[in-house]
Amino acid sequence: ASDTCKIVSFDVFDTLIVRPFSKPSDIFSLMAEEFNRIINSESIADFGYMRQYAEKHAREILKEEGKEEVSLADIYEVFGKDFNVSEKICKHMLDFEIDTEMDFCVAQKSGYDLYKFAKYFEREIIIVSDMYLSQQVIEKILKKNNYFDYDRIYVSSEYNKCKHDKKLYELIANDLGLKGENLKTLVHIGDNYSSDFKAAKEFGF
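Reading guide: rules and limits
- Residues numbered from 1 in each chain as written.
- Predicted model: local features only at pLDDT ≥ 70, side-chain atom pairs only at ≥ 80, totals over all residues.
- Heavy atoms only, no water.
- Helix = DSSP H or I, 4+ residues; strand = E, 2+ residues; numbered from the N terminus.
- Contact = heavy atoms within 4.5 Å.
- Buried < 20%, exposed > 50% of the residue type's maximum accessible area, 1.4 Å probe, protein only.
- Pairing = 2+ DSSP bridges.
- Axes fitted to C-alpha atoms, helices over the stretch in contact; angles between N-to-C directions.

(A) Focus on the side chain of E101. Within the fold, E101 resides in helix α4 (residues 87-104). Residues contacting E101, with those up to four places away along its chain left out, are R19, I27, M131, Y132, L133 and I141.

(B) Structural view of helix α8 (residues 167-176). Listing the buried residues of α8 in full gives L168, Y169, L171, I172, A173 and L176. Elements in contact with the buried residues of α8: β1 (7-10), β4 (124-129), β5 (152-155), α7 (156-159), β6 (186-189) and α9 (193-203). Among the residues trailing α8, G177 stands out with phi positive, at a value near 70°.

(C) Geometry of the sheet that holds β1. The strand order β5-β4-β1-β6 describes an open sheet built from 4 strands, whose pairing is parallel. Only two strands of the sheet have a single neighbouring strand rather than two, namely β5 and β6. Each strand of the sheet is rotated relative to its neighbour by a mean of 20°, with strand direction disregarded. Pairing of β4 with β5 involves 4 bridges; the strand directions are parallel. Counted as the bridge partner of V128 is Y154 from β5. Helix α5 (residues 109-120) rests against β1, β4 and β6 of the sheet, and its axis sits at about 160° to β1. Across the sheet, α8 lies against β1, β4, β5 and β6, angled at about 155° from β5, the strand it touches most.

Dropping the structure here:
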């Protein structure tokens with residue numbers, strides 16, 4: 001509500017959107033039955049472990065290549081190579097993961113209240129997410145949960161820059177023409193102490 005606040009920036013997951021799980025990786029346990037059905041195996045594959053391992057390995061590979069963020073496609077490409085899973089099955093599970101996210105993601109009440117508050121005061125609203133999901137998928141999740149009005153969206157997997165090392169914040173500041181004291185006109189709201197609070201404050205937001 002302060003006159004010094006011109007732009008409100010929102011993180012997505014666990015801020016505007018929440019999943020009904022104790023930890024994000026729990027969603028992979030829900031996907032396991034579908035994976036075992038489609039591979040038609042007599043033994044039960046531990047899809048949850050496989051999916052988490054593939055993401056970790058994909059991040060290691062891309063870090064060696066000088067990249068900061070993976071996409072879901074990157075993860076499933078590594079998944080297929082690491083576990084000798086066909087491209088067709090990987091594509092099916094990638095699509096199934098997106099569908100599962102769509103099914104379980106719901107609005108976080110406190111985040112939605114703050115979003116409406118920012119709209120009431122006619123602030124510019126931007127969305128900022130460190131996430132392997134694509135911008136298109138995240139926008140679908142937001143719209144499904146009544147987040148229709150925002151001015152810009154920045155997703156780490158699209159820009160290959162992340163919040164934790166401030167590089168995504170730097171891109172945002174340059175894009176919005178913010179520097180010096182004007183950085184303080186942007187208020188960032190998120191759930192992660194390190195990347196959403198500490199890094200944003202150190203950057204100048």
